[in-house]
Amino acid sequence: MISRRLSESPVHVTLLDPDKQPPDRAAEMAVQAEDGGTHILLIGGTTGVDAKKLGATLCAVKEASDLPVVIFPASSGSISCHADAIFFMSLLNSRDVRYVVREAARASLELSRSGMEIIPVGYLVFEPGMLVGRIGEVDLIDRDDIRTAQEYAKAAELFGMRFCYLEGGSGVREPIPSKMISAVREVIDIPMVLGGGISDASRAREAVRAGADVIVTGTLVEKEPDITKAVKGTIEGMVKGWKERRYH
């Protein structure tokens with residue numbers, strides 16, 4: 001679903017964490033994000049998301065919105081038949097083999113029978129990493145350590161993963177630097193997802209211009225009183241960056 005959209009424009013994804021609001025509020029946020037033009041809803045979080053919370057939020061969001069819904073799993077228990085797809089994730093720079101492959105392995109048989117679209121994703125966490133860096137026991141990639149980032153990203157591509165996800169951490173003040181995004185783009189052909197620190201249109205524009213294909217915003221929609229306006233502005237910035245990247 002994401003690859004098809006990328007043939008037309010960069011993709012904006014709204015992340016909703018079931019642990020941060022009840023299902024009815026998540027549904028309201030989904031509708032507002034859809035009105036702003038977001039393309040896909042990503043449901044999940046780092047902690048506190050059990051199967052009951054996940055399922056209830058997915059049901060509420062699916063009832064309220066027509067957008068595709070993708071699970072952003074924290075563990076092998078983050079599976080629900082109410083989603084359209086799931087990120088099948090490997091946290092490549094974790095020190096804990098659970099997050100590199102074991103949680104994915106535990107979920108693999110159930111996922112193969114689920115009917116959902118399975119989207120293999122190589123997930124890389126950069127400093128400061130925030131909560132996901134601590135929970136995931138990550139050897140954080142320094143924001144200026146281009147070589148290490150390129151090596152991990154290329155490994156994700158060679159493993160056959162469909163996306164490479166660069167994560168700065170939820171709530172981080174600054175996004176991953178443009179020079180880092182550009183450097184990773186130089187060595188991979190698969191689409192690049194960027195999360196963390198995209199708080200306005202100018203940052204979205206710079207990230208896409210540097211080489212990001214998919215922008216994930218979560219804290220933005222949690223904090224902004226006018227979600228529709230915030231998402232619309234972010235997408236406008238993304239489209240401008242996309243045009244500058246393609247034609248200049």
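Calculation criteria
Residues numbered from 1 in each chain as written. Predicted model: local features only at pLDDT ≥ 70, side-chain atom pairs only at ≥ 80, totals over all residues. Heavy atoms only, no water. Helix = DSSP H or I, 4+ residues; strand = E, 2+ residues; numbered from the N terminus. Contact = heavy atoms within 4.5 Å. Pairing = 2+ DSSP bridges. Axes fitted to C-alpha atoms, helices over the stretch in contact; angles between N-to-C directions. Buried < 20%, exposed > 50% of the residue type's maximum accessible area, 1.4 Å probe, protein only. Polar contact = N/O pair within 3.5 Å; in protein donor to acceptor, adjacent residues only side chain to side chain. Parallel < 35°, antiparallel > 145°, perpendicular 65-115°, else oblique. Left-handed = near helix turned anticlockwise from the far one by under 90°. Expected span 1.5 Å × (residues − 1). Core = buried A, V, L, I, M, F, W, Y, C linked by side-chain atoms within 4.5 Å. Salt bridge = Lys/Arg side-chain N within 4 Å of Asp/Glu carboxyl O. Disulfide = S-S within 2.5 Å. Phe/Tyr/Trp six-rings, centres within 6.5 Å; stacked < 30°, edge-to-face > 60°.

J.: Where do I start with the environment of glutamine 150 in this structure?
T.: In this structure, glutamine 150 sits in helix α6 (residues 146-158). Between the alpha carbons of glutamine 150 and arginine 185 there is a distance of 8.5 Å; along the sequence they are 35 residues apart. With residues up to four places along the chain from it excluded, the contact list for glutamine 150 reads Ala183, Val184, Glu186 and Val187.

J.: How should I be thinking about the sheet that holds strand β5 (residues 117-125) in this particular structure?
T.: In sheet architecture, strand pairing relies on hydrogen bonds along the backbone and comes in two forms, parallel and antiparallel. An order of β1-β2-β3-β4-β5-β6-β7-β8 is seen for the eight strands of this closed barrel, with the pairing classed as parallel. Neighbour to neighbour, the strand axes of the sheet diverge by 30 degrees on average, direction disregarded. Sheet topology note: the strand β4 (residues 85-91)/β5 ladder contains seven bridges and is parallel. Pairing of serine 90 across the sheet is with glycine 122, part of β5. Sheet contacts for helix α4 (residues 97-112): β4 and β5; angle to β4, the most-contacted strand, approximately 150 degrees.

J.: In this structure, what is going on with the side chain of aspartate 213? I would like to understand it.
T.: Along the chain, the position of aspartate 213 falls in the loop between α8 (201-210) and β8 (214-217). Note on aspartate 213: relative accessible area 7%, which makes it buried. Within the local environment of aspartate 213, its side chain forms a polar contact with the side chain of arginine 185, the two groups lying 2.5 Å apart. In terms of polar contacts, aspartate 213 uses its side chain to reach the side chain of arginine 245, at 2.7 Å. In this structure aspartate 213 touches Leu6, Pro10, Val11, Arg185, Ile190, Pro191, Met192, Trp242 and Arg245, once residues within four positions along its chain are discounted.

J.: How should the packing of helix α2 (residues 23-36) against helix α3 (residues 51-64) be read in this particular structure?
T.: If you want to describe how two helices pack, look at the angle between their axes and the distance between the axes. At their nearest, the axes of α2 and α3 sit 8 Å apart, and the two run at 40 degrees to each other. Judged on the interaxial angle alone, α3 and α2 are oblique. Seen from above, α2 lies across α3 with right-handed handedness. Facing Pro23, Ala26, Ala27, Ala30 and Val31 of α2, the residues of α3 in contact are Ala56, Thr57, Ala60, Val61 and Ala64.

J.: What should I look at first to understand α2 in this one?
T.: Residues spaced three or four apart along an α-helix point in a common direction, a consequence of the helix completing one turn every 3.6 residues. The end-to-end C-alpha separation of α2 is 20 Å, in line with the 20 Å expected for 14 residues at 1.5 Å each. Taken residue by residue, α2 has Ala26, Ala27, Met29, Ala30, Ala33 and Gly36 as its buried positions.

J.: Looking at this model, I keep getting lost on the nonpolar core. Mind explaining?
T.: Nonpolar side chains in soluble globular proteins tend to be buried together. Of all hydrophobic cores here, the largest spans 27 residues; its most connected members are Phe126, Leu166, Ile181, Val184, Leu194 and Ile215. If you list the elements that add at least two residues to this core, you get α6, β6 (163-167), α7 (178-187), β7 (192-195), α8 and α10 (227-247). At four residues, the largest contribution of residues to this core is made by α8. Setting aside residues up to four positions removed in sequence, leucine 166 forms contacts with Leu124, Phe126, Ile176, Val184, Met192, Val193, Leu194 and Gly195.

J.: Explain the pattern of salt bridges here, please?
T.: Here the idea is simple: oppositely charged side chains can pair when their charged atoms come close. Applying the stated criterion across every chain yields a total of 16 salt bridges. A salt bridge links lysine 154 to glutamate 157, with the nearest nitrogen and oxygen atoms 2.6 Å apart. Taken together, the residues lysine 154 and glutamate 157, both in helix α6 and three residues apart, mark about one turn of the helix. The residue aspartate 213 makes a salt bridge to arginine 185 at a minimum N-O spacing of 2.5 Å. Highlighted residues: aspartate 213 in the loop between α8 and β8 and arginine 185 in helix α7, separated in sequence by 28 residues.

J.: Is there a simple way to explain the state of the cysteines in this structure?
T.: What we call a disulfide is simply a covalent bond connecting the sulfur atoms of a pair of cysteines. This model, assessed by the stated rule, comprises zero disulfides. A disulfide-free cysteine, cysteine 81 has its sulfur positioned 7.3 Å from the sulfur of cysteine 59, the nearest such atom. Cysteine 81 gets classed as exposed once you look at its relative accessible area, which sits at 66%.

J.: I'm lost on the packing of aromatic side chains in this one. Help?
T.: The description of an aromatic ring pair rests on the distance of the ring centres and on the angle between the ring planes. Summed over all chains, the structure comprises five aromatic pairs. For the ring pair phenylalanine 72 and phenylalanine 87, a centre distance of 6.4 Å and an interplane angle of 75 degrees mean the geometry is edge-to-face. Here the residue phenylalanine 72 occupies a position in the loop between β3 (69-71) and β4, and phenylalanine 87 occupies one in strand β4, the gap between them amounting to 15 residues. By the burial criterion, phenylalanine 72 is buried, and phenylalanine 87 matches it. Three or more aromatic residues link up through ring pairs in this structure, and these residues are Phe72, Phe87, Tyr123 and Tyr165.

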